[in-house]
Structure formats: structure tokens, C-alpha cells
Amino acid sequence: MPMSQSFKERLFPIAEQLVEHFGSPFHVYDEVGIRETGENLKKLFAGVEGFREYYAVKALPNPEILKLMFDMGFGFDCSSIGELVLSRQVGGRGEDIMFTSNNTNQTEFEVAAADGGCILNLDDISLIDKVPEFPELICFRYNPGPRRTGNVIIGNPVEAKYGVTHDQVVDAYRQAQKRGAKRFGVHTMVASNELDYTYMVETARMMLEIVELVEGELGIQFEFINIGGGVGIPYQPDQAPLDIAAMAAEIEEQFKAFREKHSYVPRMYMESGRFMTGPHGCLVTSAINYKNIYRNYIGVDACMSALMRPALYDAYHHIDVIGKENVPKDQVYDVVGSLCENNDKFAVQRELPKIDEGDILVIHDTGAHGHAMGFQYNAKLRPKELLLRADGSVQLIRREETLDDYFATLKFDDNVFLAKQG
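Presented here is a report on the structure given in the accompanying data block. Keep in mind it's a predicted model, so treat the numbers as computed, not measured. (Residues numbered from 1 in each chain as written. Predicted model: local features only at pLDDT ≥ 70, side-chain atom pairs only at ≥ 80, totals over all residues. Heavy atoms only, no water.)

### Some points on a negative patch on the surface
A surface patch of negative charge is lined by Asp-243, Glu-250, Glu-253 and Glu-260. If you trace the backbone, Asp-243 turns up in the loop between β8 (224–226) and α9 (244–262). (Patch = residues over 30% accessible without salt bridge, like charges linked within 9 Å, V, L, I, M, F, W, Y side chains within 5 Å. Areas by Shrake-Rupley, 256 points an atom, 1.4 Å probe, with all protein chains shown as cover. Salt bridge = Lys/Arg side-chain N within 4 Å of Asp/Glu carboxyl O. Lys, Arg positive; Asp, Glu negative; His and termini not counted. Charge placed at Lys NZ, Arg CZ, Asp CG, Glu CD. Helix = DSSP H or I, 4+ residues; strand = E, 2+ residues; numbered from the N terminus.)

Structure below.
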């Protein structure tokens with residue numbers, strides 16, 4: 001079910017006050033829900049030796065959220081310099097950070113190695129010779145190609161730009177050994193927002209088989225496997241959640257069997273982002289206009305620059321109207337923003353209660369890939385972010401953008417290039 005009842009019970013009674021105090025629109029996140037999800041994850045996977053969650057920073061790159069993750073003992077999954085810097089600002093160092101970059105450039109390698117380093121996860125065999133100072137601990141991202149089918153969001157692994165192929169994987173570790181690597185891990189990411197837990201169990205099994213393959217060829221032992229992210233959440237009210245308990249139990253059995261066979265077992269890492277924070281965030285926006293043409297439209301003061309998943313993926317996000325939760329949903333609306341794009345819609349032909357100007361709408365499940373995917377097309381400015389603390393207080397954790405922010409990159413020293421003649 002989108003958005004926990006507990007979050008609703010703490011947020012909805014104060015929503016009008018929050019709009020009055022902070023102004024709308026804003027994303028607001030739930031500390032209680034995030035912590036409960038994290039602690040439950042640790043409890044369920046306690047039987048898997050060395051289990052650790054590496055929070056996918058791309059899902060919600062806010063320092064206050066990352067502090068919650070680090071406080072629970074989690075590491076960080078990063079794919080850019082900015083994400084590395086954010087993770088280090090909240091205390092992440094060395095093996096607290098997995099750095100998986102696609103088409104990595106030299107500056108990224110340098111930043112990855114600086115300030116305590118990280119676990120370097122190489123996306124391609126060609127990158128081995130491009131790493132300036134090869135680390136002792138190395139990891140490769142594995143792409144199974146035709147050996148697996150991707151899910152709807154992430155697509156067919158054969159068509160994905162990521163990872164080392166099955167035929168390359170042994171040679172990748174052989175070349176890494178020649179460059180001085182002495183410690184090893186292996187990573188994959190083959191699903192996104194997956195609700196079938198057996199898909200994730202199969203991924204863990206696949207990675208243990210890769211460990212056996214490479215160990216058999218090269219005689220190396222792996223310190224960890226990383227099954228990536230992809231654990232999904234139910235965006236629609238009638239969707240069943242992924243059975244995370246069954247997933248943990250079956251993976252635990254796989255790891256026990258591996259230990260019995262090999263007398264050791266690698267640690268297991270995950271990189272959940274959406275699962276950790278997705279349901280624990282929402283976009284609060286105010287109805288500012290009603291338009292009746294070929295359809296009935298409710299215009300709100302947020303637009304797709306604050307939440308682009310519906311436009312990008314045709315994704316469903318549940319909507320509540322504050323104070324009208326129990327009013328019959330006898331109206332059909334498109335809920336839209338003000339961007340000059342016709343797909344600037346949060347809901348299409350959605351059954352909702354009658355909405356009046358000034359009503360407050362709560363758009364569910366924006367705690368991952370919501371604000372993080374924002375943009376500035378049409379010179380639209382991204383909204384503020386708030387955190388509903390465990391003590392009931394609400395903290396501003398990112399201010400809204402201003403026109404000064406938008407125009408900041410137009411202030412620079414003159415720099416003109418003139419080509420040499422002749």
C-alpha cells in the first residue's frame with residue numbers, strides 16, 4: 001500500500017500548517033519510516049554473514065537522509081563525483097562507499113581514490129588499464145547478458161550499456177591481478193523496482209556461481225558479492241509488496257550451502273534506494289486552478305520538474321486530498337502542473353474527490369527518484385525538502401531554488417577562444 005498509515009497519521013493532521021509555514025510545494029520525508037525499514041532489513045538479513053546495505057545515493061541525495069543511513073551502519077552506493085562528496089561529508093570513508101561509474105573518466109578515478117578511497121567497482125574491462133593507481137581491493141560489475149532476462153524498467157541485459165560480459169569476467173580478474181589487486185568482490189544490477197522476490201534470490205544465486213567460476217579459474221577468494229538494488233515497492237494501492245522476509249530466508253540458505261561446500265562464504269551487499277526511502281516521502285502541493293475543457297483538469301503549484309516519474313515512465317503515484325480522505329471519489333481529473341509540456345501530469349483520468357482551489361494534495365511515494373530527478377526546463381525551480389522527525393518536529397533540509405540559483409551559471413569571467421590562423 002502506498003505510504004504507511006503511520007506516516008499519514010503523523011503528517012496529514014499538520015499538512016495545512018506546514019503549507020502555511022513553509023509554503024508549497026515541498027517533498028517531505030519520514031524519519032520514523034526510514035529507520036524502521038532499515039532496522040527491519042538488518043534483522044531479516046542477520047543470518048547472512050557480513051550483510052550490509054549500501055544506500056543508493058542517487059535515490060535521495062540529501063545529507064540529512066544520508067546521515068540516517070550511516071547511523072544505521074549502512075554504506076553508500078555512488079556513481080558520480082557529487083555523490084562521492086556527499087557521502088564523505090556525512091562520514092563515509094574507504095569501504096563505506098561503493099563507486100560504480102559508467103564510462104568513468106580520469107577525474108572521477110582521482111576523486112574516487114582520494115580522501116580515504118572507496119571500493120572501486122569497474123564497469124568495463126577496458127577501464128583496468130585506465131585506473132591511475134590500481135587499488136588492492138577491486139570489484140567488477142557483471143552483466144549476464146542472455147543468461148538473464150531484465151525486468152520491465154531496466155530492460156534486456158544484452159541491450160544494457162553496463163558491466164562486463166560473462167565471457168570477459170574471468171579475464172577481467174586475471175588482468176586486475178596483474179595490476180596488483182589482492183582482494184576481490186563482484187557486483188551486478190539486473191532489476192529495477194522488482195516486486196517478485198524470487199528474481200532477487202536468483203540474482204544472489206547467479207553471483208555465487210560467478211564466484212565459483214572465477215575462483216576455479218584463478219584460485220582467488222571473493223570477500224563479497226553485491227546483488228545491487230532493484231528491490232521494489234508497490235506504488236498502486238492494490239499491489240502486493242515484495243516478500244522481503246522470504247527473499248532473505250532463501251538467500252540465507254544459499255549462503256549456508258556455499259559455506260558447506262567451500263569452507264568460507266563471501267559477505268553480501270545490497271544497494272537498495274527506492275526500497276529504503278521511496279514510500280517514506282511524498283510531494284505536497286496545492287490546487288491553484290480548475291480547468292474544464294475536453295477533460296477536467298486540476299492545476300497544482302508543482303510540476304514535473306519536481307517529480308518526473310509519471311512523465312518519464314508513465315508511473316502511477318497515489319494521491320490523497322487533505323481533509324477529503326473519506327469523501328467519495330466521484331470526479332475524474334488530470335492533475336497537472338504549469339510546464340509547457342503536455343505530459344506535465346501527476347495523474348491522468350484519476351478518480352478523486354471533488355477538488356477545490358486551495359485544497360492540499362499529497363502525492364505518494366516520492367522518497368526516491370523524486371526531487372533527485374528534478375530539472376530546470378522552462379526555468380522552473382525545484383522545491384524545498386522537509387524531514388518529519390521522530391519527535392514530531394519538521395526540519396527544512398533543502399531550501400527551494402531561487403532565480404539567483406538559476407542565473408548563477410551565467411556569471412563568469414570572459415573566456416574567448418580564437419583559432420590560430422595559417
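### Details of α9
The terminal C-alpha atoms of α9, which comprises 19 residues, lie 27 Å apart, in line with the 27 Å expected from a rise of 1.5 Å per residue. Where the residues of α9 are buried, they touch α3 (31–44), α8 (197–218), β8, β9 (267–270) and α10 (274–277). Residue Ser-263 follows α9 closely and has a positive phi angle near 65 degrees. (Expected span 1.5 Å × (residues − 1). Contact = heavy atoms within 4.5 Å.)

### Observations concerning the state of the cysteines
Tallied over the full model, the rule gives 0 disulfides. Note on Cys-78: no disulfide assigned, nearest cysteine sulfur contributed by Cys-118 at a separation of 8.0 Å. (Disulfide = S-S within 2.5 Å.)

### Looking at the nonpolar core
Nonpolar side chains tend to gather and get buried jointly when the protein is soluble and globular. Core analysis: the largest hydrophobic core is formed by 83 residues, its most contacted members being Phe-45, Ile-65, Leu-122, Tyr-173, Met-247, Ile-251 and Met-268. Sort the elements by how many residues they give to this core and α8 lands first, with 12 residues. With residues near it in sequence (within four places) discarded, Tyr-173 still touches Cys-139, Phe-140, Phe-184, Gly-185, Val-186, Val-214, Leu-218, Ile-220 and Phe-222. (Core = buried A, V, L, I, M, F, W, Y, C linked by side-chain atoms within 4.5 Å. Buried < 20%, exposed > 50% of the residue type's maximum accessible area, 1.4 Å probe, protein only.)

### Concerning the pairing of strand β6 (residues 137–142)
Within β6, 6 of the 6 residues are buried, which leaves it mostly tucked inside the rest of the structure. Neither face of β6 is exposed, since Leu-137, Cys-139 and Arg-141 on one face and Ile-138, Phe-140 and Tyr-142 on the opposite face are all buried. Strand direction decides the pairing type here: strand β5 (residues 118–122) and β6, joined by 3 bridges, are parallel. Bridge assignment links Asn-121 to a residue of β6, and that residue is Cys-139. In this sheet, strand β7 (residues 183–188) lies alongside β6 in parallel orientation, the contact comprising 6 bridges. Paired with Leu-137 across the bridge in β7 is Arg-183. (Pairing = 2+ DSSP bridges.)

### Some thoughts on unusual backbone geometry
Excluding glycine, residues mostly carry a negative phi; peptide bonds, for their part, are mostly trans. Geometrically, the link from Ser-24 to Pro-25 is a cis peptide bond, its omega value of 5 degrees lying close to zero. By secondary structure assignment, the location of Pro-25 is in the loop between α2 (15–22) and β1 (26–30). Positive phi, close to 50 degrees, is recorded for Gln-349, a residue that is not glycine. Backbone geometry at Asn-378 places phi at a positive 65 degrees, although glycine is not the residue there. With respect to the element layout, Asn-378 can be found in the loop between β15 (360–363) and β16 (384–388). The exposure class of Asn-378 is partly exposed, given its relative accessible area of 34%.

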